[in-house]
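Tertiary structure, described
One letter stands for each residue in the lines below.
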Amino acid sequence: MRAVLFWFALVSPAAAFDTLEELGGGLFFDTNLSLNRTQNCASCHDPANGFVDSSGPVSVGDDGVSLGTRNAPTITYAAEAPPFEQLDEHVWRGGQFWDGRAADLAAQAGGPPLNPVEMAMPDKASVVARLRENLDYVDAFDLLFAPGVLDDPEAGFAAMTQAIAAFESTPEFAPYDSKYDLFLRGEAELSELEEIGRQIFLSPERSNCALCHMRHMNPMAPGETFTNYEYHNIGVPRVGDGAPDWGLLSRDDLKDPALGGQFKVPTLRNVAVTGPYMHNGVFTDLRSVVQFYNRYQCPGPPCQINPETGRYWGDPPIPMTLSVSELTEGRMLGRFEVDALVAFLKTLTDARYEHLLVD
């Protein structure tokens, strides 16, 4: 019943908002918070498609012309990410966005409305003025925060981001009800191919996937998000002939050259239904992603060809900071092993998205 109510809330505008989560849901789908009143959070994080924009590598902005520079990641399980923090020299973890520049969900929610190539609002005051146009919002903000909170642009904008973060933190965004979760609870069995893929995923001698794509090193632990939230440069090919994206080093507050080209390890939850893949959306097929990693274990021509283009993968755009030790552990996977690994990754799909899986 909860899932049904959740989906009803996603498609049915509410006349009033009694809770912070309900208010956040209304804001998430409100196109009036963009300059031309054409774009909302769901434009780039579509709930029908795993909360990603499946239309292309990057998203189109509110003006219908501007393009983002990075692929919109899924916000399923995003609330599980730790705050952005330094773990060791050259090692960072957590935060939101591909470069962790937002410490938490509320900070992330405040980015797109003011981004000139996304929702394009000129300032916080303009966003809050749009909020005040909706009397239901005014009543809800007064009730849930403080009377007159929308009279102060800074306080009103902060309250808006907190409400959106509350919506994105509801259990429906992290249901842990995939086939894999049922398997952990003894309520489902993996197929032979899926089990082989699971063993490959967990084995450092065979694939080394779990090194970066597991938060808990206990393979039977519940609540696994399939990322350690750290940052790596894995040599993702460029899209076209554009300049390389410097990842963490593109942030104004980080100056360590070792961070060049590093991006946050994404969750593998719902990975089979949330393409395009990588920070720039360069791959459209999950199997291509697995084969890309295979290039580091296989020097021969077959493994060095991008199956989506028929051409050489290309040299890493920022080779000097490549995570060589992580990428070169394990061994080359054969075609059957790639199939098995992809089959296992499909078991990480939330129940409500299983209809999107393709053979």
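A brief look at the structure comes next. In this text the structure is predicted, and so the values were computed from the model without any measurement.

What counts and what doesn't
- Numbers given to residues run from 1 along each chain, matching the order in which its sequence is written.
- Residue-level local features of this predicted model are given only where pLDDT is at least 70; pairs of side-chain atoms are given and counted only at 80 or more, and the full residue set underlies all totals for whole chains, interfaces and linings.
- For side-chain calculations, the full set of non-hydrogen atoms in the structure is used, while hydrogens and water are omitted.
- The secondary structure listing takes helices from DSSP runs of H or I that are at least 4 residues long and strands from runs of E that are at least 2 residues long, numbered from the N terminus.
- A simple rule labels every residue: compare its accessible area, found with a 1.4 Å probe on the protein chains alone, to the largest value its type can have, and call it buried under 20%, exposed over 50%, or partly exposed in between.
- Only heavy atoms enter the contact rule, under which two residues are in contact if any of them lie within 4.5 Å.
- Pairing of aromatic rings covers Phe, Tyr and Trp, the last counted by its six-membered ring, and requires centre-to-centre distances within 6.5 Å; plane angles under 30 degrees mean stacked, over 60 mean edge-to-face, and any other angle means tilted.
- The rule for a charge over a ring is simple: NZ of Lys or CZ of Arg within 6 Å of the ring centre, and within 35 degrees of the ring normal.
- Between N-to-C directions, angles span 0 to 180 degrees; the directions come from axes that are lines fitted to C-alpha atoms, helices contributing only their stretch in contact.
- The handedness criterion is simple: a crossing whose near helix is rotated anticlockwise from the far helix by less than a right angle is left-handed, and one whose near helix is rotated clockwise is right-handed.
- The definition used for a disulfide is geometric: two cysteine sulfur atoms within 2.5 Å.
- As used here, the arc is the angular range of directions from the helix axis to the C-beta atoms.
- Two N or O atoms count as a polar contact when they lie within 3.5 Å, although within protein this holds only if one can serve as hydrogen donor and the other as acceptor, and sequence-adjacent residues are included solely when both atoms are side-chain atoms.
- Buried Ala, Val, Leu, Ile, Met, Phe, Trp, Tyr and Cys residues that are joined via side-chain atoms within 4.5 Å together make up what is termed a nonpolar core.

Topic: the side chain of Ser288
Counting through the fold element by element, Ser288 comes out in helix 12 (residues 286–294). On the basis of relative accessibility, which here comes to 2%, the residue Ser288 falls in the buried class. The residues contacting Ser288, other than those within four sequence positions of it, are Phe283, Pro307, Glu308 and Trp313.

Some points on the packing of aromatic side chains
Evaluated as defined, the whole model comprises 22 aromatic pairs. Taken together, the aromatic side chains of Phe28, Phe29, Phe51, Phe167 and Phe173 make up a single cluster linked through ring pairs. Lying over the aromatic face of Phe97, Arg101 brings its terminal NZ or CZ to 3.8 Å of the ring centre. Geometry around Phe84 places Arg251 over its ring, the cationic atom sitting 4.2 Å from the centre.

Points about the packing of helix 2 (residues 20–28) against helix 7 (residues 135–144)
Remark: helix 2 packs on helix 7, axes separated minimally by 11 Å, with the N-to-C direction vectors making an angle of 145°. For the pair helix 2 and helix 7, the crossing hand works out as left-handed. Here helix 2 contributes Leu20, Leu23, Gly26 and Leu27 to the contact with helix 7, which in turn contributes Tyr137, Ala140, Phe141 and Leu144.

Points about the state of the cysteines
Scanning the model with the defined rule gives one disulfide in all. Sulfur-sulfur distance for the disulfide between Cys298 and Cys303 comes to 2.2 Å. Taking the sign of the S-S torsion, about 80° here, the bridge from Cys298 to Cys303 comes out right-handed. Overall, the relative accessible area of 7% leaves Cys298 in the buried class. Relative accessible area serves as the criterion here: at 13%, Cys303 is assigned to the buried category. Note on Cys44: no disulfide assigned, nearest cysteine sulfur contributed by Cys41 at a separation of 8.8 Å. A disulfide-free cysteine, Cys212 has its sulfur positioned 9.3 Å from the sulfur of Cys209, the nearest such atom.

Brief notes about helix 6 (residues 124–132)
Taken as a whole, helix 6 has its buried residues at Val127, Val128, Arg130 and Leu131. The buried side chains of helix 6 occupy one side of the element, clustering within an arc of 150° when seen end-on. Where the residues of helix 6 are buried, they touch helix 2, helix 5 (111–114), helix 7 and helix 8 (153–168). The backbone nitrogen of Ala125 lies 3.3 Å from a side-chain oxygen of the residue at the head of helix 6, namely Asp123.

A few points about the nonpolar core
Core analysis: the largest hydrophobic core is formed by 34 residues, its most contacted members being Phe201, Phe226, Met278, Phe283 and Leu345. Secondary-structure elements contributing two or more residues to this core are helix 9 (179–184), helix 10 (192–202), helix 12 and helix 14 (335–346). Ranked by residues supplied to this core, first place goes to helix 14 with six residues. Those residues in contact with Leu345 that sit more than four places away from it in its chain are Phe201, Leu268, Val271, Leu286 and Val290. Core analysis: the next-biggest nonpolar cluster, separate from the first, contains 33 residues, Phe28, Leu33, Leu105 and Val128 among them.

Quick notes on unusual backbone geometry
With an omega of 0°, the peptide bond between Gly275 and Pro276 qualifies as cis. Tracing the backbone through its elements, the reader meets Pro276 in the loop between strand 4 (263–264) and helix 12. Its identity as a non-glycine residue notwithstanding, Arg37 has a phi of 60°, on the positive side. Among the structural elements, Arg37 can be located in the loop between helix 2 and helix 3 (41–44). By relative accessible area, Arg37 is classed as partly exposed at 36%. Backbone geometry places Phe51, a non-glycine residue, at a positive phi of 60°. The residue Phe51 is located in the loop between helix 3 and strand 1 (85–88) in this model.

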